[in-house]
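Okay, here's what each chain looks like letter by letter:
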Amino acid sequence: MTRKVPKRILLKLSGEALLGGSDYGIDPDTLNAIASEIRDVREMGVQVAVVVGGGNLFRGAGLAEAGIDRVTGDHMGMLATVMNCLAMQDALEKLGVHARVMSALKINEVCEDYIRRRAIRHLEKSRVVLLAAGTGNPFFTTDTAASLRATEIGADLLLKATKVNGVFSADPEKEPDAIRYTRLTFDQVLAEKLGVMDATAVVMCRDNDLPLRVFNVHNRGDLLRILRGEDVGTLVTNTETARVAD
């Protein structure tokens, strides 16, 4: 089915997406591969914002379980997302793509403050906007930051990049017979606790009628295929009924 190419998207990348085959840190080959796909999307004329997690470098929630103050741990996690965004900015600029890192925390020596109108202006000037430090507040995930920023900048589509081919009825790595959905509603995701994103992020998408598509970031070319209208991964909206892959 041919669909209208969205004018503006927000891509949510987990920190783990940058690991590649490593256990920790940033894999340069994986970073460059994702950057090249973002460049190809920009060449289609699509405006691109990106929210990156920090789980490849630091997990505040995990350290909180070990006894550190949760607010302190979350702030440390936000700083990890800044590092990932700076790495992505460097990879994009080496490909000739203009990019700006905008942080919800003030770190003026290395990146800009996040200001909604300025972010939109960067997008209108064909710059990729890399949104760091989540919402700037503890206790909120980068999934929630992605849905919030996508709504604020008026994105037509929120894309969540994962390591599996969409939304499944169970963890496909643990249950090989898990069913992949091609269509879902936000209410179904919440009712069945499918774990697409955290509940706050899902509700924000639902209440603002923001379509969400979940896909595998490691399938090269899938991002472009989605924007060309191909049925890749799982689409979550307010109106679609549940449908499973053939």
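About the criteria used
Residues numbered from 1 in each chain as written. Predicted model: local features only at pLDDT ≥ 70, side-chain atom pairs only at ≥ 80, totals over all residues. Heavy atoms only, no water. Helix = DSSP H or I, 4+ residues; strand = E, 2+ residues; numbered from the N terminus. Rg over C-alpha atoms; globule rule 2.2 N^0.38 Å. Buried < 20%, exposed > 50% of the residue type's maximum accessible area, 1.4 Å probe, protein only. Contact = heavy atoms within 4.5 Å. Areas by Shrake-Rupley, 256 points an atom, 1.4 Å probe, with all protein chains shown as cover. Salt bridge = Lys/Arg side-chain N within 4 Å of Asp/Glu carboxyl O. Core = buried A, V, L, I, M, F, W, Y, C linked by side-chain atoms within 4.5 Å. Phe/Tyr/Trp six-rings, centres within 6.5 Å; stacked < 30°, edge-to-face > 60°. Lys NZ or Arg CZ within 6 Å of the ring centre and 35° of its normal. Expected span 1.5 Å × (residues − 1). Pairing = 2+ DSSP bridges.

Visitor: I'm lost on the overall build of the protein chain in this one. Help?
Guide: Helix and strand counts for the protein chain stand at 8 helices and 11 strands. Relative to the globule expectation of 18 Å for 246 residues, the C-alpha radius of gyration of the protein chain, 17 Å, shows essentially globular dimensions. For the protein chain, the spread of C-alpha atoms along the three principal axes comes to 50 × 45 × 35 Å. Looking at the 246 residues of the protein chain, the share that counts as buried comes to 51%. Counting only contacts in the protein chain whose residues sit at least 6 apart along the sequence, the fraction spanning at least 24 positions is 73%. Total accessible area computed for the protein chain in this model is approximately 11,700 Å², and 49% of it derives from carbon and sulfur atoms.

Visitor: It is not clear to me how the pattern of salt bridges should be interpreted in this structure. Could you clarify?
Guide: Think of it this way: side chains of opposite charge can pair up when their charged atoms draw near. According to the stated counting rule, one finds 15 salt bridges in the structure shown. Among the salt bridges present, the one from Asp 222 reaches Arg 225, with a minimum N-O distance of 2.8 Å. Here Arg 225 and Asp 222 lie together in helix α8 (residues 222-227), a separation of 3 residues that amounts to about one turn. On the accessibility criterion, Asp 222 (8% relative accessible area) is buried. Looking at Arg 225, the relative accessible area reads 27%, which means it is partly exposed. It is possible to trace a salt-bridge network through shared partners that takes in Lys 12, Asp 143 and Lys 160.

Visitor: Explanation requested: the nonpolar core in the structure shown.
Guide: Proteins that are soluble and globular tend to have nonpolar side chains buried together. Counting 40 residues, the largest nonpolar core has Leu 13 and Met 88 as the members making the most contacts within it. Elements supplying a minimum of two residues to this core: β1 (8-13), α1 (28-43), β2 (47-52), α3 (70-94), β3 (99-103), β5 (128-132), β6 (157-162) and α8. Looking at this core element by element, the count peaks at 7 residues for α3. Not counting residues up to four positions away in its chain, the partners in contact with Met 88 are Leu 13, Leu 18, Leu 31, Ile 34, Ala 35, Ile 38 and Leu 130. If you look at the next biggest cluster of nonpolar residues, it comprises 30 residues, including Leu 10, Ala 155, Leu 212 and Val 214.

Visitor: Please explain the packing of aromatic side chains as it appears in this structure.
Guide: The relation between two aromatic rings is expressed through the spacing of the ring centres and the mutual angle of the planes. A full pass over the atoms with the stated rule returns 0 aromatic pairs. One residue, Arg 149, lies across the ring of Tyr 114, its end atom 3.9 Å from the ring centre.

Visitor: Help me understand the environment of Ser 147 in this model?
Guide: Mapped onto the secondary structure, Ser 147 falls in helix α5 (residues 142-152). Spatially, the C-alpha atoms of Ser 147 and Ala 161 are 13 Å apart, while their sequence positions differ by 14 residues. Residues in contact with Ser 147, not counting those within four places in the same chain, are Leu 158, Ala 201, Met 204, Cys 205 and Leu 210.

Visitor: So what exactly am I meant to see when it comes to α1 here?
Guide: Between the first and last C-alpha of α1 there are 22 Å, a value that for 16 residues agrees with the 22 Å anticipated at 1.5 Å per step. Within the span of α1, buried status applies to Thr 30, Leu 31, Ala 33, Ile 34, Ala 35, Ser 36, Glu 37, Ile 38, Val 41 and Arg 42. On the buried face of α1, the contacting elements are β1, β2, α3, β5 and α8. Of the residues flanking the end of α1, it is Gly 45, one or two places downstream, whose phi is positive at about 90°.

Visitor: What am I meant to see in the pairing of strand β8 (residues 180-185) here?
Guide: Successive side chains on a regular strand alternate, one facing one side of the sheet and the next facing the other. Of all 6 residues making up β8, 5 are buried, and the element is well covered by its neighbours. Note: strand β7 (residues 167-168) against β8, 2 bridges, orientation antiparallel. The residue bridging Val 167 from the neighbouring strand is Tyr 181, located in β8. Of the strand pairs in this sheet, β8 and strand β11 (residues 243-244) are connected by 2 bridges, and their pairing is antiparallel. Bridge pairing in β11 places Tyr 181 opposite Val 244. The pairing of β8 with strand β10 (residues 234-237) spans 3 bridges and is classified as parallel. Residue Arg 183 lies in a different strand from β10, and its bridge partner there is Leu 235.

Read these as geometric descriptors, not functional statements.
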